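The residues making up each chain are set out below.
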Amino acid sequence: MTAEQAEQYRAGLIALAREQIAEAEPLLRSLATELPDDPDVRAFLATAWFAQGRIEAAREAMSLALTLGPERFAPNIKAGEFDLRLGDLDAAELHFKQALRVAVHGSHDAAAARTLLGETRRQASRSIVRQAAFPRWRRPAFLHRPARGRLSTPVEDGGIIE
């Protein structure tokens, strides 16, 4: 990355942090064209597209960012945020764990990943798990209890001795 590209990247990230998406997106898009193999640029471009409501484009860019840099912090933290917003708590937890693993211990990045991982786990503990299961067959209660009252003994002629 050249000095000019680094400055453009910095300006794009600052605009993204200030939620000035209209200013950040063109900067990050041009950087993604110039640096097609940079996973961090792709991850932040996906974030800008998500903020613009371009969900499918954001998914594709995030997928490419994770393919290019599966062990990098930025793609994992941004993919986790993306999954958290879409409600996929399991995927978000996996991405935040990976981001925490690669972050420098004690850094702001590690603190952010730890906070987001905690929030994801908190949301998961309060959410309803939707999954299919086969119904369990239960025996009717009268099959488990002994008969009540007097016991009757049948006789051969059809009568009952009491």
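Cut-offs used in this document
In this numbering scheme, every chain counts its residues from 1 along its sequence in written order. Since the coordinates come from a predicted model, pLDDT governs what is reported: local features require at least 70, and pairs of side-chain atoms require 80 or more to be given and counted, while whole-chain, interface and lining totals use all residues. As a convention, hydrogens and water are excluded, and side-chain values are obtained from all of the structure's heavy atoms. Interaxial angle, 0 to 180 degrees, is taken between N-to-C directions of lines fitted to C-alpha atoms, where a helix line uses only the stretch in contact. Put simply, DSSP H or I for four residues or longer makes a helix, DSSP E for two residues or longer makes a strand, and each gets a number counted from the N terminus. For classification purposes, an angle smaller than 35 degrees is called roughly parallel, one larger than 145 roughly antiparallel, one from 65 to 115 roughly perpendicular, and anything else oblique. Note on convention: near helix rotated counterclockwise from far helix by under a right angle means a left-handed crossing. Clockwise means right-handed. Any two residues whose heavy atoms approach within 4.5 Å at even a single point are treated as in contact. Ten residues, namely Ala, Val, Leu, Ile, Met, Phe, Trp, Tyr, Cys and Pro, are considered nonpolar, four, namely Asp, Glu, Lys and Arg, are considered charged, and the remaining ones, Gly among them, are considered polar. The term salt bridge refers to a side-chain nitrogen of Lys or Arg lying within 4 Å of a carboxyl oxygen of Asp or Glu. For each residue, the accessible area found with a 1.4 Å probe, counting protein chains only, is set against the maximum for its type, and the residue is called buried under 20%, exposed over 50%, and partly exposed in between. Buried Ala, Val, Leu, Ile, Met, Phe, Trp, Tyr and Cys residues that are joined via side-chain atoms within 4.5 Å together make up what is termed a nonpolar core.

Description of the packing of helix α6 (residues 89-102) against helix α7 (residues 108-126)
It is the contact of α6 with α7, at a shortest axis distance of 9 Å, that shows an interaxial angle of 160 degrees. Taken together, α6 and α7 sit at an angle that is classed as roughly antiparallel. Taken as a pair, α6 and α7 cross one another with a handedness that is left-handed. Of α7, the residues touching α6 (which contributes Leu-89, Ala-92, Glu-93, Phe-96, Lys-97, Ala-99 and Leu-100) are Ala-110, Ala-113, Arg-114, Leu-116, Leu-117, Thr-120, Arg-121, Gln-123 and Ala-124. Residue composition of the contact of α6 with α7, grouped by class: 10 nonpolar, two polar and four charged.

Structural notes on the pattern of salt bridges
In total, this model carries nine salt bridges according to the counting rule given. Across the salt bridge formed by Arg-10 and Glu-7, the nearest N and O atoms sit 3.9 Å from each other. Here Arg-10 and its partner Glu-7 are both found in helix α1 (residues 3-17), three residues apart, which amounts to about one turn of the helix. A salt bridge links Lys-78 to Glu-81, with the nearest nitrogen and oxygen atoms 3.0 Å apart. With Lys-78 and Glu-81 both in helix α5 (residues 73-86) and three residues apart, this pair spans about one turn of that helix. For Lys-78, a relative accessible area of 16% gives the class buried. Judged by its relative accessible area of 18%, Glu-81 is buried. Sharing partners across several salt bridges, the network here consists of Glu-25, Arg-29 and Arg-54.

Considerations on the packing of helix α4 (residues 55-68) against α5
The N-to-C vectors of α4 and α5 enclose an angle of 145 degrees; their axes lie 10 Å apart at closest approach. Classified by chirality, the crossing of α5 by α4 is left-handed. Contacts from Ile-55, Ala-58, Arg-59, Met-62, Ala-65 and Leu-66 of α4 reach α5 at Pro-75, Asn-76, Lys-78, Ala-79, Phe-82 and Leu-86. Here the residues of the contact of α4 with α5 sort into nine nonpolar, one polar and two charged.

Focus on unusual backbone geometry
A positive phi angle, near 60 degrees, is found at Glu-19, a position not held by glycine. As for its placement among the helices and strands, Glu-19 is situated in the loop between α1 and α2 (21-34).

Brief notes about the side chain of Thr-120
Looking at where Thr-120 falls in the secondary structure, it is placed in helix α7. Apart from the residues lying within four places of it in its own chain, the contact partners of Thr-120 are Leu-84, Leu-89, Ala-92, Glu-93 and Phe-96.

Examining the nonpolar core
Tyr-9, Leu-16, Leu-28 and Phe-44 are the most contacted members of the largest nonpolar core, which has 24 residues in total. Listed by contribution, the elements that provide at least two residues to this core are α1, α2, α3 (39-51), α4 and α5. Among residues more than four places away in sequence, those in contact with Leu-16 are Ile-21, Ala-24, Leu-28, Phe-44, Thr-47 and Ala-48. Within the second largest apolar cluster, 11 residues are counted, among which are Ile-77, Ala-92, Ala-99 and Leu-117.

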